[in-house]
Amino acid sequence: MCHFTQRSSALSFPKIRTVFWRFHHTSTSHLCSCSKTVSDEKYQDPFQLGRKDLKNLYEDIKKELLVSAAEFKEMCDYYFDGKGKAFRPMIVVLMARACNIHHNNSKEVQASQRSVAIIAEMIHTASLVHDDVIDDANSRRGKRTLNQIWGERKAVLAGDFILSAASVALARIGNTTIISVLTQVIEDLVRGEFLQLGSKENENERFAHYLEKTFKKTASLIANSCKAVSILGCPDPKVHEIAYQYGKNVGIAFQLIDDVLDFTSCADRLGKPTAADLKLGLATGPVLFACQQFPEMNAMIMRRFSKPGDVERAWKYVLQSDGVQQTTYLAQRYCHAATREIRKLRPSPERDALVHLTEMVLLRDK
């Protein structure tokens with residue numbers, strides 16, 4: 001196996017199936033036209049381009065987490081070890097530069113915009129800590145989770161503290177609009193977790209439920225962080241919407257590919273056990289698409305794969321179906337939508353890097 005929303009929820013399952021029937025009957029060259037164009041134009045690596053603005057990112061985060069208790073400090077520093085790719089902060093600083101250049105050709109990231117990137121990473125990490133407690137996860141990013149090392153209670157408190165420190169940093173920006181935009185992320189994270197705890201019997205509602213959960217748990221942070229830096233850098237509401245829509249579409253695509261990797265990637269590459277979602281009782285995109293070909297999966301979905309053998313059977317059904325391919329096609333559509341949005345901005349290396357990023361999202365293997 002090693003080879004290899006709030007607005008989105010309006011998509012109904014039959015409509016998606018119709019879209020993908022057309023995709024199946026379209027040539028591969030047409031399907032990959034966006035990625036092919038990006039590769040041919042040899043855009044600069046987004047991570048290289050954003051490196052300047054992300055220098056000392058994790059050191060600055062640790063400064064926000066100043067605590068006297070040695071154990072608490074060790075817990076807070078555990079995930080901010082500088083070994084992550086800083087995917088979300090990188091998108092935020094690239095969007096900041098792209099919007100600044102679009103507005104007045106300014107090529108510098110404002111201090112407040114960089115603060116948004118720091119806050120985004122802190123909120124994201126706090127949500128991971130809490131998710132691991134809820135899921136009783138034992139590994140994250142290739143190492144043991146906080147709850148496995150220090151226990152659930154201390155892990156919850158560590159996540160709370162990181163979130164509170166992010167809120168203090170947000171208040172320091174001193175812009176009520178930005179505060180409103182980014183606190184929406186925290187609300188969405190909670191609502192998304194509640195959505196994940198539930199399920200729908202109706203197939204159309206089930207897929208809409210999945211997409212809404214995906215937006216709230218993953219894409220809202222990217223969408224609203226992009227919107228925040230656009231507001232700080234440009235007064236045009238149209239630019240704010242471009243930034244938001246780009247972040248939303250990239251965020252949903254990122255999670256869709258993550259759901260695909262749960263079926264196609266080795267645990268050592270992914271940094272967490274594969275089939276983790278099935279074991280948690282979650283029906284992600286590959287499962288929901290597979291259910292169309294194997295209706296007997298409906299009962300398993302409704303009981304959240306709780307009976308002995310459910311996880312193994314569901315795994316086999318997904319791999320025998322076109323669920324992985326369909327979910328990948330859906331991610332590709334979201335990436336195409338993100339590309340269409342960001343191309344509305346004035347040309348710049350940062351804008352082009354954000355275009356290239358959509359290809360990287362589709363091609364990632366961990």
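Residues numbered from 1 in each chain as written. Predicted model: local features only at pLDDT ≥ 70, side-chain atom pairs only at ≥ 80, totals over all residues. Heavy atoms only, no water.

In the nomenclature of an unreviewed UniProt entry, the chain is known as All trans-polyprenyl-diphosphate synthase PDSS1 of Serilophus lunatus. In the Subunit (unreviewed entry) part of its UniProt record, the chain is described as follows: "Heterotetramer composed of 2 PDSS1/DPS1 and 2 PDSS2/DLP1 subunits." In its Subcellular location (unreviewed entry) section, UniProt records this for the chain: "Mitochondrion". (UniProt positions renumbered as here; feature names shortened; annotations may be inferred.)

Colleague: When you look at helix H13 (residues 237-264) in this model, what are you seeing that I'm missing?
Modeller: Residue pairs spaced three or four apart in an α-helix point in one direction, given the helix's 3.6 residues per turn. With 28 residues, H13 should reach 40 Å at 1.5 Å per residue; the first-to-last C-alpha distance of 40 Å fits that figure. For H13, the buried fraction is high: 25 of the 28 residues fall into the buried class. With a side-chain oxygen lying 2.9 Å from the backbone nitrogen of Lys238, the N-terminal cap of H13 falls on Asp236. (Helix = DSSP H or I, 4+ residues; strand = E, 2+ residues; numbered from the N terminus. Expected span 1.5 Å × (residues − 1). Buried < 20%, exposed > 50% of the residue type's maximum accessible area, 1.4 Å probe, protein only. Polar contact = N/O pair within 3.5 Å; in protein donor to acceptor, adjacent residues only side chain to side chain.)

Colleague: Even after reading the chapter, I still don't get empty space enclosed by the protein, so can you show me in this structure?
Modeller: If you roll a probe as big as a water molecule over the atoms, it shows you where there is empty space left. In this structure, the largest cavity encloses a volume near 190 Å³. Residue lining of the largest cavity: 16 residues in total, with Gly198, Ser199, His209, Leu282 and Ala283 positioned closest to the centre. Mapped by element, the contributors of at least two residues to the lining of the largest cavity are helix H11 (176-197) and helix H12 (203-233). The element best represented in the lining of the largest cavity is H12, accounting for four residues. Taken together, the residues of the lining of the largest cavity break down into six nonpolar, six polar and four charged. (1 Å grid on protein atoms, 1.4 Å probe; cavity = no way out; pocket = protein on both sides within 12 Å on 5 of 7 lines; lining within 4 Å. Points joined across faces, edges and corners; volume = space filled by probe spheres on them. Nonpolar A, V, L, I, M, F, W, Y, C, P; charged D, E, K, R; others polar.)

Colleague: Would you explain the pattern of salt bridges in this entry?
Modeller: Note that side chains of opposite charge can pair when their charged atoms are close. This model, assessed by the stated rule, comprises 15 salt bridges. Close ionic contact of Asp60 with Lys63 constitutes a salt bridge, the shortest N to O distance being 3.8 Å. Here Lys63 and Asp60 lie together in helix H5 (residues 57-64), a separation of three residues that amounts to about one turn. On the basis of relative accessibility, which here comes to 19%, the residue Asp60 falls in the buried class. A salt bridge links Lys216 to Asp188, with the nearest nitrogen and oxygen atoms 3.6 Å apart. Residue Lys216 is found in helix H12, and its partner Asp188 is found in helix H11; the two are separated by 28 residues along the sequence. Neither residue differs from the other here; Lys216 and Asp188 are each classed as buried. In the salt-bridge network here, residues are joined through shared partners; they are Asp60, Lys63 and Arg114. (Salt bridge = Lys/Arg side-chain N within 4 Å of Asp/Glu carboxyl O.)

Colleague: Even after reading the chapter, I still don't get the packing of aromatic side chains, so can you show me in this structure?
Modeller: Any two aromatic rings considered together are summarised by their centre-to-centre distance and by the angle between their planes. Summed over all chains, the structure comprises eight aromatic pairs. Feature note: the residues Tyr78, Tyr79 and Trp150 constitute an aromatic cluster, connected by ring pairs. Above the ring of Phe47, the side-chain terminus of Lys85 is found at 5.5 Å from the ring centroid. Taking NZ or CZ as reference, Arg364 lies 3.8 Å from the ring centre of Phe254, over its face. (Phe/Tyr/Trp six-rings, centres within 6.5 Å; stacked < 30°, edge-to-face > 60°. Lys NZ or Arg CZ within 6 Å of the ring centre and 35° of its normal.)

Colleague: Would you mind showing me how to read the environment of Asp262 here?
Modeller: Tracing the backbone shows Asp262 in helix H13. Note on Asp262: relative accessible area 2%, which makes it buried. Considering only alpha carbons, one finds Asp262 and Ala276, 14 residues apart in sequence, at a separation of 6.9 Å. At 3.2 Å, the side chain of Asp262 and the backbone nitrogen of Ala276 are in polar contact.

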